[in-house]
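# Analysis of the macromolecular model
So you can see what is in the structure, the chains are spelled out below.
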Amino acid sequence: DGVVVSEKVKNNNLDVKIPESELEAEEKGAEEECPRESDSNILDVSSDHPRDKHISIQRHLADLEKLADLREDEKKPCPLCPEEKFKACYSHKLHRHLQNLHWKVSVEFEGRYRMCICHLSCRPVKPNVVGDQTLAKMGAHYHCIICSATIVRRTDMIGHISRHVNKGETESRFMTVRAPKSSYEVVKESATDVQVLPNHSTPQKTDSYFNPKMKLNRQLIFCALAVLAGERKPIECLDAFGATGIMGLQWAKHLRSSVKVTINDCNENSVTVIKENCHLNKMKVKLNIKEEDSDETVGDGEQNSGIIEVTKMDANVIMHLRSFDFIHLDPFGTSVNYLDSAFRNVRNLGIVSLTSTDISSLYAKAQHVALRHYGCNIVRTEYYKELAARTVIAAVTRAAARCNKGIEVLLAVALEHFVLVVVRVLRGPTPADDSAKKVRYLIHCQWCEERVFQKEGNMVEENPYQQLPCDCHGSMPGKTAVLLGPLWSGPLFNTGFLRRMLLEAVQYGLDEAQPLLKTLVCEAECTTLKHFSTHSPGDENKQEECGVYIKTSNTSAESYLVHGKRKSEEVLRGAAKRQRAEHSAEHPPFYYNIHRHSIKGMNMPKLNKFLNYLSEAGYRVSRTHFDPMGVRTNAPLAQFKTVLMKYSTPTYVGAQAEGPVHLPGEIQMGEFPAAAEIKVEEAELAEDDKSGVAAAVFTQSYPTGCAAD
């Protein structure tokens, strides 16, 4: 009779008779749809991952009409319009409506899909109140096929799609199918292999972001973790933003049983890449509690050597739930949103390191963003990189103080692409108060670039310009200084920790980190590389690494060395006393750029010679990693310019050789007293070097206010 029983219905134990003509029509329609769907690789997915896109995004007008289910004998509503706007009608009228109102004004994408205009209540629209009635305005809009954003105007939608195409974002976010493994490439760094996509260096285009320029950053963090692993074992460390998992893999591969590594990421595709990279490096994966996989889950009885725990959750959540000894934060942009969670459960004497890549705001190119994120007022200065580091540390200090914790800054590095800060956590209200007191405002002179931290205290001064060593306010009209901050006013480096980092870098063969660490050690001690670690030959703690003598001080190592459990209160008190005794040897804040203060018409001396001249004058001096032409010294700016002027030579032909300059006229009268003082001081220092009291005599000879004279 032309009637068959459907096999699909038989499986459900129901005998329903379906006309044979309808089955043939369905099979024919399915055959026609198969080749049409295979043409696109944008939104088509496998049967395991069903397509989930908005109904206004269709390929053909027939698909839109099929969605409306047109039948001649029944009235049907428009699927893209509410019933108040377009009432149900017959098929011929609905066909014209779909064609003229929705299809003709659609936006085409890649020649395959069209984003039709939608009148549904997808986009919130403010109602118009007229008298006692509230009239809801129908908001027509488009749905983006890539980011699912709703945009009102057609021209704006075309521009929105073109921006996606220019960025290379041609794959829809509705897709859940990952790229085939053939498109991955393997990158090797520090004996660790990771799989990355071809566009791995652009964070907007890929989930597995990998930046080869951050290799130095990863090496510095590894050295800091290796030093902490030598203090107590085992330590639990967290890489809160794993991406490809390269950093956590390096920790587990080189430090082995000394660390228990946890790699976290909130993106599902990134977590999958991390697991594959763990297997690529022959590491066992320990899944979090929520996941169930008997093949990969490692029992508690096995050793933690070569085991990495991979979690998928928000970074704030995992830091609230668990405690760690070492936490590294490296989000895309600022890390201030994660500081409160990081200091909530970090263990005592643990380490928190954070990498900030929002250099546009930190380097004073977007000052309003720095004020919004860090609560800090900054301007572009010659020492802007150190200003950025002190801005980040001030935010870290306030976040730690809210959790009744203090900090000790171990390392602060500001380079072209990032600002890295490594701090040690000291638990208790007393360290928190001590750290909070070191967050002060900075008075910066905009004429001569002189700067000084505001004095500690709550009393309002009548004339804050008196704190500046310069006299620009008296000689220049108007307001000459600006108040910057609040900033961290304490030291940026811990010399003992940096020396141990240098030893770890030499031990593991980290060639890129070694020159920077040597510069940091010299900068922390405020000495030149020539006088770096010039100790007696019989020193037991002296080691020679790469032609440089490195002294591993027992005081700094013992202050944090822990065998098994945490330190007792007596050891903590002893370490605090040693820290107070070493405050006098802190490096001077900030630095001067030798080119910024050069004299017009004069040739400056070479930088290394100028460092020797300042050192011979009795000042502490060193180079700085913040600026290749910067000089970190405790000399006031006036004395800095005096020495620079003294040893500069005129640029005209026939000038005398490099050495002291005979200045004419008024300049000679104004500058010779300072130069004479320096000569007298050099003679005094030559005599006092024999008795070992050169520093004390120099401190008495140069009071604080001498620069204003």
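Residues numbered from 1 in each chain as written. Predicted model: local features only at pLDDT ≥ 70, side-chain atom pairs only at ≥ 80, totals over all residues. Heavy atoms only, no water.

Moving on to the UniProt feature "domain: C2H2-type" (unreviewed entry) in the chain. The positions that UniProt labels "domain: C2H2-type" (unreviewed entry) are, in the present scheme, residues 144-164. Secondary structure over residues 144-164 splits into 52% helix and 10% strand, and the C-alpha atoms at its two ends are 10 Å apart. (UniProt positions renumbered as here; feature names shortened; annotations may be inferred. Helix = DSSP H or I, 4+ residues; strand = E, 2+ residues; numbered from the N terminus.)

Turning our eyes to something else, we now look at the environment of histidine 417. Position of histidine 417 relative to the elements: it lies in the loop between strand 18 (405-414) and strand 19 (419-427). Separated by 62 residues in the primary sequence, histidine 417 and threonine 355 place their C-alpha atoms 9.9 Å from one another.

Looking now at the pairing of strand 18. Of all 10 residues in strand 18, 10 are buried, a share of seventy percent or more. Bridge analysis of strand 18 against strand 19 gives 9 bridges, and the strand direction is antiparallel. Its bridge partner being in strand 19, glutamate 408 is matched across the sheet by arginine 424. Hairpin connection of strand 18 to strand 19: 4 residues between the antiparallel strands. (Buried < 20%, exposed > 50% of the residue type's maximum accessible area, 1.4 Å probe, protein only. Pairing = 2+ DSSP bridges.)

For the rest of this paragraph, the subject is the nonpolar core. Counting residues in each nonpolar core, the largest one holds 111 residues, and the members touching the most others are Phe343, Met501 and Leu517. The element that contributes the greatest number of residues to this core is helix 6 (residues 215-231), accounting for 11 residues. Beyond its immediate chain neighbours, meaning those up to four positions away, methionine 501 contacts Leu220, Cys223, Ala224, Val227, Leu411 and Leu517. Core analysis: the second largest hydrophobic core is formed by 23 residues, Leu607, Phe610, Tyr613 and Leu644 among them. (Core = buried A, V, L, I, M, F, W, Y, C linked by side-chain atoms within 4.5 Å. Contact = heavy atoms within 4.5 Å.)

The sheet built from 8 strands is open, its strands ordered 14-15-13-12-16-17-19-18 with mixed pairing. Single-partner strands in this sheet number two, and they are strand 14 (284-287) and strand 18. Averaged over all adjacent pairs, the angle separating strand axes in this sheet is 20°, with direction ignored. Inspection of the sheet shows strand 13 (residues 259-264) paired to strand 15 (residues 307-311) by 4 bridges, in the parallel sense. Looking across to strand 15, one finds that valine 261 is bridged to isoleucine 308. Sheet contacts for helix 7 (residues 246-255): strand 12 (235-239), strand 13, strand 15 and strand 16 (326-329); angle to strand 13, the most-contacted strand, approximately 165°. Packed onto the sheet, helix 13 (residues 384-402) meets strand 17 (351-356), strand 18 and strand 19 and runs at close to 160° relative to strand 18. (Axes fitted to C-alpha atoms, helices over the stretch in contact; angles between N-to-C directions.)

Here we come to the environment of leucine 94. When you line up the elements, leucine 94 lands in helix 4 (residues 91-103). For leucine 94, a relative accessible area of 0% translates into the label buried. When the C-alpha positions of leucine 94 and proline 77 are compared, they lie 7.8 Å apart, and in sequence the two are 17 residues distant. Those residues in contact with leucine 94, other than ones at most four positions away along the chain, are Ala68, Leu70, Lys76, Pro77, Cys78, Phe86 and Cys89.

So, about empty space enclosed by the protein. By rolling a water-sized probe across the atoms, one finds the places where empty space is left. Per the counting criterion, the structure on display carries 1 cavity of 30 Å³ or more. Here the largest cavity defines a volume of roughly 60 Å³. In this structure, the largest cavity is lined by Glu189, Ser190, Lys215, Arg218, Gln219, Phe222, Gln250, His254, Tyr508 and Leu510. Among the elements of the structure, helix 6 and helix 7 are those that each provide at least two residues to the lining of the largest cavity. Looking at the lining of the largest cavity, the element that brings in the most residues is helix 6, giving 4 residues. Grouping the constituent residues of the lining of the largest cavity by class yields 3 nonpolar, 4 polar and 3 charged. (1 Å grid on protein atoms, 1.4 Å probe; cavity = no way out; pocket = protein on both sides within 12 Å on 5 of 7 lines; lining within 4 Å. Points joined across faces, edges and corners; volume = space filled by probe spheres on them. Nonpolar A, V, L, I, M, F, W, Y, C, P; charged D, E, K, R; others polar.)

A separate point is the side chain of histidine 625. Residue placement: histidine 625 occurs in the loop between strand 27 (621-623) and strand 28 (630-633). At a separation of 3.4 Å, a polar atom in the side chain of histidine 625 contacts the main-chain amide nitrogen of alanine 414. In contact with histidine 625, not counting residues within four places along its chain, are Ala412, Val413, Ala414, Leu415, Phe493, Leu516, Thr519, Leu520 and Glu523. (Polar contact = N/O pair within 3.5 Å; in protein donor to acceptor, adjacent residues only side chain to side chain.)

Between helix 16 (residues 495-507) and helix 17 (residues 513-525), whose axes approach to 9 Å, the crossing angle comes to 165°. Our classification of the angle between helix 16 and helix 17 gives roughly antiparallel. In this structure, helix 16 meets helix 17 at a crossing whose hand is left-handed. Contact residues: Thr495, Leu498, Arg499, Met501, Leu502, Ala505 and Val506 in helix 16; Gln514, Leu517, Lys518, Leu520, Val521, Ala524 and Glu525 in helix 17. (Parallel < 35°, antiparallel > 145°, perpendicular 65-115°, else oblique. Left-handed = near helix turned anticlockwise from the far one by under 90°.)

We now examine helix 7. Counting buried positions along helix 7 gives 8 out of 10 residues, so the element sits mostly inside the fold. Residues of helix 7 that are buried: Ile246, Met247, Gly248, Leu249, Gln250, Trp251, Ala252 and Leu255. Phi for arginine 256, located one or two positions after helix 7, is positive at around 55°.

Trans is the prevailing form of peptide bonds, just as negative phi is the prevailing case for residues other than glycine. The omega torsion across lysine 233 and proline 234 is -15°, close enough to zero to call that bond cis. Along the chain, proline 234 falls in the loop between helix 6 and strand 12. Residue proline 486 is bonded to the preceding glycine 485 through a cis peptide linkage, with omega at 5°. At serine 190, a residue that is not glycine, the phi angle is positive and equals roughly 55°. One can find serine 190 in the loop between strand 10 (185-189) and strand 11 (192-196). We note that asparagine 404 has phi near 60°; this positive angle belongs to a residue other than glycine. Position of asparagine 404 among the secondary structure elements: in the loop between helix 13 and strand 18.

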